[in-house]
Amino acid sequence: MNPDTDEGDAQKTLIYQHLQNLQERHQDELENIVRLLASITNISPEQVKPYIDTLLRQLVKQSERPFHETATASEWVTAFWEWAASHRHDAPPLSDYAVSRESMYLSYNNGDWLNKTQ
């Protein structure tokens, strides 16, 4: 059993329970909102409901603590790999100069550090 995974699952369970509780306590109000939006947009209540559900999920998640405060080590690793994979893989490689020590620090040679290009 992985405690990092258990903690993340527990957080998701709490969010789900909170969402279910809100939907049960405010069922009439939510149904009125769905009907009103269906009337305004001229689409069926069955088509509107998923949008309301998504909105509620997002609002409930906003009230939870930020990722950096609650993430476990394995969640950080997963998030990093997902972030890395989200970047372009077909970009041209950087030049040797672009990754050189010289390019990483401002060069004051000849007082022309703003216009240095190579």
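### Let's talk about the packing of aromatic side chains
The description of two aromatic rings rests on the distance between their centres and on the angle between their planes.
And then number 1: Tallying each qualifying case throughout the model produces three aromatic pairs.
And then number 2: A centroid spacing of 4.9 Å and a plane angle of 70° characterise the contact between Phe67 and Trp76, whose relative ring orientation is edge-to-face.
And then number 3: Among the residues examined, Trp76 registers a relative accessible area of 43% and is labelled partly exposed.
And then number 4: Relative to Trp83, the ring of Phe80 has its centre 5.8 Å away and its plane inclined at 40°; by these criteria the two rings are tilted. Here Phe80 pairs with Trp83, and both are found in helix H5 (residues 73–85), just three residues apart, close to one helical turn.
And then number 5: Every member of this aromatic cluster is reached through a ring pair, and the members are Phe80, Trp81 and Trp83.

### What about the nonpolar core?
And then number 1: Judged by nonpolar contacts, Ile15, Leu19, Leu22, Leu30, Val34, Ala38, Val48, Ile52, Leu56 and Val60 together constitute the single largest core of ten residues.
And then number 2: Elements that contribute at least two residues to this core include exactly helix H1 (3–25), helix H2 (27–41) and helix H3 (45–62).
And then number 3: Of all the elements, H3 adds the most residues to this core, at four residues.

### Thoughts on the side chain of Gln23
And then number 1: One can find Gln23 in helix H1.
And then number 2: Residue classification places Gln23 among the buried positions, given a relative accessible area of 19%.
And then number 3: Those residues in contact with Gln23, other than ones at most four positions away along the chain, are Leu30, Asp53 and Leu56.

### Comments concerning H3
And then number 1: In this model, H3 (18 residues) spans 26 Å end to end at C-alpha, consistent with the 26 Å of a helix rising 1.5 Å per residue.
And then number 2: Every buried residue of H3 is listed here: Val48, Ile52, Asp53, Leu56 and Val60. Here the buried residues of H3 occupy an arc of 145° about the axis, which is enough to place them on one side. Residues of H3 that are exposed and point more than 90 degrees away from the buried face comprise Tyr51 and Gln62.

### Some points on unusual backbone geometry
And then number 1: Non-glycine residue Asn42 carries a positive phi angle of around 60°.
And then number 2: In this structure, Asn42 sits in the loop between H2 and H3.

### Regarding the pattern of salt bridges
And then number 1: A full pass over the atoms with the stated rule returns two salt bridges.
And then number 2: Note that Lys49 and Asp53 form a salt bridge whose closest N and O atoms lie 3.0 Å from each other. Of the two residues, Lys49 and Asp53 are both situated in helix H3; the distance of four residues between them amounts to about one turn of the helix.
And then number 3: The exposure class assigned to Lys49 is partly exposed, which follows from its relative accessible area of 40%.
And then number 4: By relative accessible area, Asp53 is classed as buried at 18%.

Reading guide: rules and limits
Within each chain, residues carry numbers counting from 1 in the order of the written sequence. Local features in this predicted model are restricted to residues of pLDDT 70 or higher, and side-chain atom pairs are both shown and tallied only at a pLDDT of 80 or more, whereas totals for entire chains, interfaces and linings draw on every residue. Remark: hydrogens and water are excluded; side-chain values derive from all non-hydrogen atoms of the structure. Aromatic rings from Phe, Tyr and Trp, with only the six-membered ring used for Trp, were paired whenever their centres fell within 6.5 Å, and each pair was classed as stacked if the ring planes differed by under 30 degrees, edge-to-face if by over 60, and tilted otherwise. Each residue is assigned to one of three classes by its accessible area relative to the maximum for its type, calculated with a 1.4 Å probe on protein chains only: buried under 20%, partly exposed between the two thresholds, exposed over 50%. Helix and strand assignments come from DSSP, with helices taken as H or I runs of at least 4 residues and strands as E runs of at least 2, each series counted from the N terminus. Throughout this description, the term nonpolar core refers to a set of buried Ala, Val, Leu, Ile, Met, Phe, Trp, Tyr and Cys residues connected via side-chain atoms within 4.5 Å. Contact definition: two residues touch when any of their heavy atoms are within 4.5 Å. Each helix should span, by expectation, one fewer than its residue count multiplied by 1.5 Å. Working note: the arc is built from the helix axis to C-beta atom directions. The term salt bridge refers to a side-chain nitrogen of Lys or Arg lying within 4 Å of a carboxyl oxygen of Asp or Glu.

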